[in-house]
Amino acid sequence: MSDEGESSGVDATAGGRSEETGSLGRNDPAATDVTGSADGDSDAEGGDGAVTDDAIEEISFLTRSPVRVRVLDSLRRLGTVEKRELRERVDGVRTTVTRNLNALVERGWIEDTPDGYEITDCGRMIADELIALTESTSLAVELRPALRWLDVEELGLDLRQFERADITTADPTNPYAPVEEQVALIRRATTVRAALPSVNRQILQACRRTARTDDGEVEIVLESAAVDRLRSTDRYAELFADVCRHCTVLEYDGTLPYYVGAAAVGVLLGTTDGDYLVSVLLRFYFDDYVRPWAADRFERFEQRSHIVERREYAGSNGHFRSSRLFDARCSHSFAPHPSGAARTRAV
C-alpha cells in the first residue's frame, strides 16, 4: 500500500539552496585540479626499481593488445593451455591470437611446449602485477565520479574498502539511478540513520514511510539551511512537518560533506553533483572495518547537531506553530549517553 500523498518518480530539484533551482541542500565543492611538475616530467630515482625506458616499452607492448593481457592471465591461472582453448578464452580471431602468442614467446613471457603454452617465471611475475594494476584501474575508473566530489582524507576510509562496495552511478540513460536506489533502500529498511547534504520529496516520503512501519525508526541529519528552506517552501512545508512528527530530525551546524546512511543493508555513502542530485551511491556491507567507521561518522555529526523543534503546519501560508508535544521516540533515540555524547545506535 503506498504512503498517502506519496509522489512517484524522482524529484529533479533534489539539493542546492538557490531559489532559482528550488533546491534544498548545499553547494558542492569544485573539482580539484591535479597537476604534475611544471614540465610534465619527473626523473626516476636511480637504483633498484628505477623506471627505465626498456621497462616502459615492455609495459606498452603488453598492454597494447587486450589479447596479450588475457593470455598471460589465463596461463598464470590455468597452467599449460592449448592454443584452441586459449583462443576461446581470450575471445579472439585465430590470426590475432596466433600473432600475439608468437610475440609473447619471442619476448620470453610465455613458452610453446609440446603440451601447449605455459607462462615463464618472468611472465608470471609481470602478469601478477599487470592484473593487479588492471583491477585497480577498473576500480579507479568506476570511482572517478565519486572521488571528484569526495575528500578521501576527510572521509578517513581506506580506499581498498571501495573494492567491496556496490556502486550505482548516474548516466545519460538514467541520471536519477542513485537517487532511485537511495529511496528504494530507505523504503525497504526498518531502521535508518542518514546524514543528508541534500534532500528531495521522494527521500522525505521514504523516511516517513519507514518510520510509520511497525518497529520503524528513522534518524536523519540535515543542514540548517535545508531545514529553513523545508519549512519556508510550500511544496515541502507540510511534508516536512509530518516527517518531524514520525522521525528524529537533527539540524547540523555546518556543511555536511557527503551523504552517509546506515540500514540493515549496510552503509551507504553518496556524493552530489552540480545539480545537487546524488550522482554516485556506494553501498558497503557491514564488516569489522566499515561498522565502526560509520558509527564514528554519525557521532561526529550528532555532536554538532540539535533536535529540530517539532512544529505544527498551520496551512498553505507556510506558517508553523510550535508544539508542546514531543515525540517520545525522538527523545529516547538521542538521550544523553553516559559519556556525555549523544547516544549512537550500533550500525
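Before reading on, note that the structure itself is shown above.
Residues numbered from 1 in each chain as written. Predicted model: local features only at pLDDT ≥ 70, side-chain atom pairs only at ≥ 80, totals over all residues. Heavy atoms only, no water.

S.K.: Would you take a moment to explain empty space enclosed by the protein for this structure?
M.R.: In this approach a probe as big as a water molecule rolls over the atoms, and the regions it shows empty are the leftover space. Enumeration over the complete set of coordinates arrives at three cavities of 30 Å³ or more. Reported here for the second largest cavity is a volume of approximately 40 Å³. As for the second largest cavity, its lining consists of Leu185, Ile186, Val192, Arg193, Ala194, Tyr259, Gly261, Ala262, Ala263 and Leu268. Elements with a minimum of two residues in the lining of the second largest cavity: helix 7 (177–188), strand 4 (191–196) and strand 7 (259–263). Among the elements that take part in the lining of the second largest cavity, strand 7 stands out by supplying four residues, more than any other. Residue classes in the lining of the second largest cavity are distributed as eight nonpolar, one polar and one charged. (1 Å grid on protein atoms, 1.4 Å probe; cavity = no way out; pocket = protein on both sides within 12 Å on 5 of 7 lines; lining within 4 Å. Points joined across faces, edges and corners; volume = space filled by probe spheres on them. Helix = DSSP H or I, 4+ residues; strand = E, 2+ residues; numbered from the N terminus. Nonpolar A, V, L, I, M, F, W, Y, C, P; charged D, E, K, R; others polar.)

S.K.: Whenever I open this one, the packing of aromatic side chains confuses me. Can you help?
M.R.: In this description, a pair of aromatic rings is defined by centroid distance and the angle of the planes. On inspection of all chains with the given rule, the structure shows two aromatic pairs. For the ring pair Tyr252 and Phe301, a centre distance of 5.6 Å and an interplane angle of 85° mean the geometry is edge-to-face. In this pair, Tyr252 sits in strand 6 (residues 248–252) while Phe301 sits in helix 11 (residues 290–303), placing the two residues 49 residues apart along the sequence. For the pair shown, Tyr252 and Phe301 are each scored as buried. Taken together through their ring pairs, the aromatic side chains of Tyr252, Tyr258 and Phe301 make up a single cluster. Above the plane of the ring of Phe61 lies Arg107, whose end atom (NZ or CZ) is 3.9 Å from the centre. Over the aromatic face of Phe298 sits the side chain of Arg193, whose NZ or CZ is 4.4 Å from the ring centroid. (Phe/Tyr/Trp six-rings, centres within 6.5 Å; stacked < 30°, edge-to-face > 60°. Buried < 20%, exposed > 50% of the residue type's maximum accessible area, 1.4 Å probe, protein only. Lys NZ or Arg CZ within 6 Å of the ring centre and 35° of its normal.)

S.K.: What is the right way to read the nonpolar core from this model?
M.R.: For soluble globular proteins, nonpolar side chains are generally found buried alongside one another. Leu196, Ile220, Leu222, Phe240 and Val249 are the most contacted members of the largest nonpolar core, which totals 33 residues. Broken down by secondary-structure element, the contributors of at least two residues to this core are helix 7, strand 4, helix 8 (201–212), strand 5 (217–223), helix 9 (224–232), helix 10 (234–246), strand 7 and strand 9 (278–284). Ile220 has contacts with Ala194, Leu196, Cys207, Val243, Thr248, Val249 and Leu250, leaving out every residue within four places of it along the chain. One finds Leu143, Leu157, Trp293 and Phe298 within the second-largest nonpolar core, a separate group that totals 25 residues. (Core = buried A, V, L, I, M, F, W, Y, C linked by side-chain atoms within 4.5 Å. Contact = heavy atoms within 4.5 Å.)

S.K.: What's the story with the state of the cysteines in this structure? I'm lost.
M.R.: As used in these notes, a disulfide is a covalent bond between sulfur atoms, one from each of two cysteines. Counted by the stated rule, this structure contains zero disulfides. No disulfide involves Cys207; its nearest neighbouring cysteine sulfur is the one of Cys247, lying 5.7 Å away. Left without a disulfide partner, Cys244 is nearest to the cysteine sulfur of Cys247, which lies 8.1 Å away. For Cys244, a relative accessible area of 8% gives the class buried. (Disulfide = S-S within 2.5 Å.)

S.K.: When you look at the packing of helix 2 (residues 66–78) against helix 4 (residues 94–106) in this model, what are you seeing that I'm missing?
M.R.: How two helices pack is summed up by the angle between their axes together with the distance between the axes. Where helix 2 contacts helix 4, the two axes come as close as 10 Å, and the packing angle between them is 65°. With respect to each other, helix 2 and helix 4 are oriented roughly perpendicular. Both helix 2 and helix 4 take part in a crossing whose hand is right-handed. Of the residues in helix 4, those in contact with Val67, Arg68 and Val71 of helix 2 are Thr96, Val97, Asn100, Leu101 and Leu104. Looking at the contact of helix 2 with helix 4 residue by residue, the class counts come to five nonpolar, two polar and one charged. (Axes fitted to C-alpha atoms, helices over the stretch in contact; angles between N-to-C directions. Parallel < 35°, antiparallel > 145°, perpendicular 65-115°, else oblique. Left-handed = near helix turned anticlockwise from the far one by under 90°.)

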